[in-house]
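A closer look at the structure
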Amino acid sequence: MRFRLAMNMLKISKAIFRSLLSSRSLCVVVVALMVLCALPVFRSAAGIDGRVEYLESGITRVEQELSASYADALVNAGEDGVYTSSSSMPALLYPLAAGRLILAPLSPLLPFLQISDGEYTYYDGSKEYLLWVATAVAVSFLAARLNKREKLIIQAPMGELGRLVASSVWASVFAMLAVLAINLPGIIAALVKNGPGSPFYPIGYIQYATPVIKPAWLVFAQTAILQFLVAAFISLVVHLAVKIANNPTLGIVFVCALMGVTMVPGYYGRSIALREFALLNPLTYANTELTVGAYSPYPTTQIVNLPGLCFERGAIALVCAIGIEVLAISLLCVAGKSGCACPISPICLERGSFTASRTATRSSACASAVAYVRTMGKLLLRSPTLAVCAIAMSTTMLAPALVEMFPDADNVSAVRYRDGELRSIDRYLEQNAANMDVEGKAALEDMRDALSGFVYAPMPAEGFRSLATYERARGELGAADATLLQSIGIEPETPSRAEARALLLESIASLPDPKVYELSTKMPPLILLSYLQAALPSLFLLLPVVVTSLACTHLQCRSLLVLQIPATAHVRFLTAVALALLLGLVLLLVSMVPAVVVSVIKNGAGGSEYPVALIRAGASTTSMVGEAVLCSIPLLVMAYGVISVVAALTAAISRNPVVTGMVCAVLLVLGSLSAHVESVGMGVALLAPFASFDPASQVGTIGFLGRGTNAMPFGEVVGASGALLVVLGAVSPLMVRLSVPKIERG
């Protein structure tokens, strides 16, 4: 049986691969790109583009350090110097060169491929990652169409799930082969002309004010892995769109939307509004030049201002996204298969159950209800979907307890402040002291003194208090003269954020052992849970109730065993709500257990008094991490209740799992918007009931205000969510009653 399945997989893979190779349009585009990719080997073009002259302002404080380290790395690698033009690059460096001018001829027609410094306009080679993403999109689109039109593939005896997975895998492989084919002529030409090059040639760039130097082989390997994962993500998105809407265009539009966001000005910069979304967007890491580095003879132009953008985070984000897509495709395929195998109409069965319920005694009705609840519970507990969800969530939460993450290493570091802000302030005062006004000079001197007190503090508590003074001074100067701070290279902060950071630092200084947690593996359990709330997207914690609600809907609409039980519509509704809510909470609790147990074993059970800062209703405040975690529990319970009730009500009305899933998606979107109610300018009364969907933004998390910058009053959130539950509870019986056809109501 297994041998036959393997042979079917091999046959379907061959069919998909041959069909992709037979696409004339794809072959023509690949050949044209092969020619464009090889041209820079024979023409004298800058190794990078006009960014040699277009340096970002305000981040020059580490350029000298990177230049010195890069020069030392060149000497240690035995290299004579840098390659300043693409025509002189060896074969190994050529595919890693930043801005090889492949798309330069098209830049006049595509303005987003150009950058300007106000006087001159240059070709921006950093956008060439769009070329590799477009290749993956094109291949995925062709593979998805083959699943609809190719008879050999449609008739393959391996099931729809096997066909979709095989098609997605081969589309990813073929996309990588297409990228290799595009680069191959240039690599061969560079090999013949300039030799292979050293695999240990250093590649340097600046990662959020930190110099990074890697060997060429490591950058090459990380780039290939990220490109394959991006291709797999795109392929699964397109095939998921085929399964949902029977049209790959929906997936293409979704991918283009995610890619379009990455081209927003400041997306890879220090924009606080986009920072959280940027790290969660899987296609953020498609820009491998910024994620893992790229060769440039001028490494100081390779500047990344997005904290946390690295290969490890990108790989984890892409693998998690791919796992979610595979789970979604599996659920949809199972739902479709069960629906086809069930020839009995749900309406007819409901009609029979209604008739039986009218003629049965009260005891038999209670027995039917108990049998219905017992059957639903057993089927849900045996569902592989819940097991897969629990394993995926527990693995994701366990990873930071075992693998070192750096939550606050870049926020509070004496070395960073010494080499960054302190050096910039000293340099600016030396050069411009005579031309400054008295107030501005005094403010900068106060900031310098406070920062020196932190950098050279003999005791940690004194250092944190000095840093709190510096944060308040930065907030005051940013409100008075933000241009002055920007000219120094210091990002101005709003007064509320600066005050919240200062309160947090003062609270840390008052601890018996003042410190920040620079490694996630050193965190006690409560601090680890708070960190997980900040690091993981808000929708992650709601995944259990969404999965259980959709599983209940699937059983109620598709399972023949469940449909044949003579239960009333209200019993079905209440059973779906109760099971989805309880099993969702149990699933979330079970997912947290491994991470908590490992954290207790390694670091003990303390840390409940560690401070948490947030901005609530425009005012800065602090609390303890134990209190924040406890306050998030009722918010999660309310969010689970709202989702389970709405999902069960939608299932009772529509009798369609797909419609129920779309309604759940709308609820999750409203919950995401509620965390930014002040920034998006929407009414608090409209989104307050959904603020419980993101507890981290309402109770705060450890760190320096990654979440919790637009928190509403806690009582208002609880009251609004409770009122929404009361309204749903009052309306649901009537809506369930109306959802039963008149002929069934007698």
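Just above sits the structure.
Keep in mind that what you see is a predicted model, and the values were worked out from it rather than measured. (Residues numbered from 1 in each chain as written. Predicted model: local features only at pLDDT ≥ 70, side-chain atom pairs only at ≥ 80, totals over all residues. Heavy atoms only, no water.)

**Re the overall build of the protein**
- The secondary structure content of the protein amounts to 30 helices and seven strands.
- Scored against the burial criterion, the 746 residues of the protein give a buried share of 51%.
- Contacts in the protein between residues far apart in sequence, at least 24 positions, make up 78% of those at least 6 positions apart.
- Accessible area for the protein stands at about 32,700 Å²; split by element, carbon and sulfur atoms hold 66% of it. (Helix = DSSP H or I, 4+ residues; strand = E, 2+ residues; numbered from the N terminus. Buried < 20%, exposed > 50% of the residue type's maximum accessible area, 1.4 Å probe, protein only. Contact = heavy atoms within 4.5 Å. Areas by Shrake-Rupley, 256 points an atom, 1.4 Å probe, with all protein chains shown as cover.)

**Brief notes about the pairing of strand β6 (residues 611-616)**
- In terms of residue burial, β6 counts as a mostly covered element, since five of its six residues are buried.
- Pairing analysis gives six bridges linking β6 to strand β7 (residues 619-624), with the strands arranged antiparallel. Counted as the bridge partner of V612 is S623 from β7. (Pairing = 2+ DSSP bridges.)

**Overview of the packing of helix α14 (residues 384-402) against helix α20 (residues 525-535)**
- Orientation of α14 relative to α20, taken along the N-to-C sense of each, is 120°, at an axis distance of 11 Å. Comparing their axes, α20 and α14 come out oblique. For the element pair α14 and α20, the recorded crossing hand is right-handed. Between α14 and α20, the contacting residues are M397, P400 and A401 on the first element and L528, Y531 and L532 on the second.
- Each residue belonging to the contact of α14 with α20 can be placed in one class, and the counts come to six nonpolar, no polar and no charged. (Axes fitted to C-alpha atoms, helices over the stretch in contact; angles between N-to-C directions. Parallel < 35°, antiparallel > 145°, perpendicular 65-115°, else oblique. Left-handed = near helix turned anticlockwise from the far one by under 90°. Nonpolar A, V, L, I, M, F, W, Y, C, P; charged D, E, K, R; others polar.)

**Quick word on the side chain of S530**
- Residue position: S530 is located in helix α20.
- Given the relative accessible area of 1%, S530 is considered buried.
- When neighbours within four sequence positions are excluded, S530 is seen to be in contact with V625, V629, G700, T701 and I702.

**Focus on the nonpolar core**
- In this structure, M397, L444, M447, Y610 and I643 are the most contacted members of the largest nonpolar core, which totals 94 residues.
- Not counting chain neighbours up to four residues away, the residues in contact with L444 comprise I425, Y428, L429, M436, L477, L484 and I488. (Core = buried A, V, L, I, M, F, W, Y, C linked by side-chain atoms within 4.5 Å.)

**Re helix α19 (residues 495-509)**
- Taking 1.5 Å per residue as the helical rise, α19 with its 15 residues ought to reach 21 Å, and the 21 Å between its terminal C-alpha atoms agrees with that figure.
- Among the residues making up α19, those that are buried are R497, A498, A500, R501, A502, L504, L505, S507, I508 and A509. (Expected span 1.5 Å × (residues − 1).)

**Thoughts on the pattern of salt bridges**
- What the rule picks out here adds up to six salt bridges.
- Of the charged contacts in the structure, one is a salt bridge between R448 and D449, with a shortest N-O distance of 3.9 Å.
- Here R501 and E471 are joined by a salt bridge, their closest N and O atoms 3.3 Å apart. Highlighted residues: R501 in helix α19 and E471 in helix α17 (residues 460-480), separated in sequence by 30 residues. Take R501 and E471: they sit in the same class, and that class is buried.
- A network of salt bridges, in which partner residues are shared, links D426, R448 and D449. (Salt bridge = Lys/Arg side-chain N within 4 Å of Asp/Glu carboxyl O.)

**Brief notes about the packing of helix α21 (residues 543-558) against helix α25 (residues 657-674)**
- Interaxial distance between α21 and α25 falls to 9 Å at its minimum, and their mutual angle equals 160°. Between α21 and α25, the angle falls in the class roughly antiparallel. As α21 runs across α25, the sense of the crossing is right-handed. Residue-level contacts link V546, L550, T553, H554, C557 and R558 of α21 to P657, T660, G661 and L668 of α25.
- Grouping the constituent residues of the contact of α21 with α25 by class yields five nonpolar, four polar and one charged.

**A closer look at the environment of T284**
- Mapped onto the fold, T284 is located in the loop between α9 (272-280) and α10 (288-291).
- Residue T284 is classed as buried on the basis of its relative accessible area of 0%.
- Non-local contacts of T284, meaning those with residues more than four positions away in its chain, are made with T262, Y267, Y268, A278, T291, L306 and L309.

**Remarks on α17**
- The terminal C-alpha atoms of α17, which comprises 21 residues, lie 30 Å apart, in line with the 30 Å expected from a rise of 1.5 Å per residue.
- Turning to α17, its buried residues number three or more, namely A461, G463, F464, L467, A468, Y470, E471, A473, R474, G475, L477 and G478.

**Some points on the side chain of R501**
- Classification of R501 by relative accessible area gives buried; the value is 7%.
- Among the polar contacts made by the side chain of R501, one reaches the side chain of E471 at a distance of 3.3 Å. (Polar contact = N/O pair within 3.5 Å; in protein donor to acceptor, adjacent residues only side chain to side chain.)

**Digging into unusual backbone geometry**
- Phi at R655 is positive, roughly 55°, even though this residue is not glycine.
- Its place among the elements puts R655 in the loop between α24 (625-654) and α25.

**Let's talk about the environment of K214**
- Tracing the chain through its elements places K214 in strand β4 (residues 211-215).
- As for K214 and P202, which are separated by twelve residues in sequence, their C-alpha atoms are 5.6 Å apart.
- Those residues in contact with K214 that lie beyond four places of it in its chain are Y201, P202, I203, Y205, V219, Q222 and V292.
- Polar contacts involving the side chain of K214 include one to the side chain of Q222, which spans 3.1 Å.

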